[in-house]
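Close look at the chain arrangement
If you want the building blocks of each chain, they are given just below.
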Amino acid sequence: MVVDLEAFDRNVARLVEYLRVDGRVSKALRLATKSVRVPALLERVLKSGVPYKGLMCYSAEEARWLASQGFKDLLLAYPTVQESDLRAVRAAVDAGASLRLMVDSKEGIERAAQAMRGAARPLDLAVDVDASLRLLGGLVHLGVRRSPVRSAADVGRLLDAAAKFPREVRLTGAMAYEAQVAGLGDRNPFKKLVNPVAKLIRALSVRHVARLRAEVAEEFRRRSAPLELFNGGGTGSVNYAAHEGCLTELSAGSGLLCSHLFDYYSNVHFEPACFFALQATRASDDGYVTCQGGGYVASGEPGRDRLPVPHLPKGTKLVAMEGTG
Ligand SMILES: Cc1ncc(COP(=O)(O)O)c(C=O)c1O
């Protein structure tokens, strides 16, 4: 794997530009480690300074390790009730890490509280709010199936649940990730007929998500509960989420190495910064080679738009019957 650091740095700067509202950078940016899995690159981005701040971590063990390496301000964005994970979280917090855990259920809060029993300070939690778009009474579900927490009232119930364990946990954060905006290109050459629908889903979702997030923030305010962190967005939606006053920060990562998925978006533009040098191991026919391996497939709905694109030699194309991965 080869990273073009100049292209990478340009993407780091571009991402910041999408946060400008009335000329001002509107939010902090939390770097998603699931998308940039190289500690040296994480460090490089964080060193570039404001608005980059903190990491959105993928797993408890990863968060614990990153904390041990000196990374600060960690948000573990994927709920877990696995005992070994909660032990890792506790160990990191006991060692002084600033680590916040995502929860999406009463049971998740209880498990976290159990793991923190007797700790010197409570564990900060954040509630994961499902931001998918549900139409026709839930018959049509657009977006990821992320969390059973779907409304301000649901958030209120979790605030009540957390209030039972004041020594162990503090539910003072929220996150609502609009995957159906961030993960959906509207200029997809492989789905030309779907593009107008994608545009519509985006427009509806941006409004729906903004309203939902405002209601969640209001629920905290109504109860005089501190909302220290409210995270939203992803690379594909930063320019929309930047306008939402209730969000304290946005998460992004994949735009920095830039999968080709973003070639098919009208609202954000990055340049490929991650390359894979592959060995051509076979040449079965004139004009064909088979390569070993092939790079990462972007996450989301599987399809050709998520695949790496051959760069050199110029004119190389993937055959339809085989992909990369
Ligand atoms: C919680 C959360 N926020 C943001 C993102 C977007 O990440 P990226 O900008 O790396 O695409 C994701 C991606 O899955 C996510 O799970």
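Residues numbered from 1 in each chain as written. Predicted model: local features only at pLDDT ≥ 70, side-chain atom pairs only at ≥ 80, totals over all residues. Heavy atoms only, no water.

Turning our eyes to something else, we now look at the domain arrangement of the chain. Often, the extent of an interface is quoted as the loss of accessible area on bringing the components together. As assigned here, the chain comprises domain 1 (2-256) and domain 2 (276-325). Computed over C-alpha atoms, the centres of domain 1 and domain 2 are 32 Å apart. Counting residues at the interface gives four residues for domain 1, matched by four residues for domain 2. Of the roughly 440 Å² buried at the junction of domain 1 and domain 2 (both faces included), carbon and sulfur atoms supply 40%. In this structure, Glu301 engages Lys191 in a salt bridge whose closest nitrogen and oxygen atoms are separated by 3.2 Å. Linking domain 1 with domain 2 are three residue pairs in polar contact (both at pLDDT 80 or more), by the criterion used here. Tallied by class, residues from the side of domain 1 that touches domain 2 come to one nonpolar, two polar and one charged. (Domains from an automatic or database assignment. Contact = heavy atoms within 4.5 Å. Buried area = accessible area lost by both parts, 1.4 Å probe. Salt bridge = Lys/Arg side-chain N within 4 Å of Asp/Glu carboxyl O. Polar contact = N/O pair within 3.5 Å; in protein donor to acceptor, adjacent residues only side chain to side chain. Nonpolar A, V, L, I, M, F, W, Y, C, P; charged D, E, K, R; others polar.)

This brings us to the pattern of salt bridges. The final tally for this structure, using the stated rule, is 28 salt bridges. In this structure, Lys47 engages Glu43 in a salt bridge whose closest nitrogen and oxygen atoms are separated by 3.9 Å. Here Lys47 and its partner Glu43 are both found in helix H2 (residues 39-47), four residues apart, which amounts to about one turn of the helix. You can call Lys47 exposed: its relative accessible area is 70%. One salt bridge connects Arg100 with Glu228, and the closest N-O pair in it is separated by 3.1 Å. Placement of Arg100 in strand S7 (residues 99-103) and of Glu228 in the loop between helix H8 (195-222) and strand S12 (229-232) is noted, with a sequence separation of 128 residues between them. (Helix = DSSP H or I, 4+ residues; strand = E, 2+ residues; numbered from the N terminus. Buried < 20%, exposed > 50% of the residue type's maximum accessible area, 1.4 Å probe, protein only.)

Right, let's talk about the side chain of Asn239 for a bit. Within the secondary structure, Asn239 is located in helix H9 (residues 238-241). Residue classification places Asn239 among the buried residues on the basis of a relative accessible area of 18%. In this structure the side chain of Asn239 is engaged in a polar contact, spanning 2.8 Å, whose partner is the side chain of Asn267. Look past the residues within four positions of Asn239 in its chain and what remains in contact with it is Tyr18, Asn267 and Val268.

With that out of the way, let us pick up helix H6 (residues 152-163). An α-helix turns once every 3.6 residues. As a result, residues three or four positions apart point the same way. The terminal C-alpha atoms of H6 lie 16 Å apart, and with 12 residues this matches the ideal 16 Å at 1.5 Å per residue to within 8%. Taken together, the buried positions of H6 are Ala152, Asp154, Val155, Gly156, Leu158, Leu159, Ala161 and Ala162. Check the buried side of H6 and you find it contacts helix H5 (106-115), strand S8 (123-130), strand S11 (169-177) and H8. (Expected span 1.5 Å × (residues − 1).)

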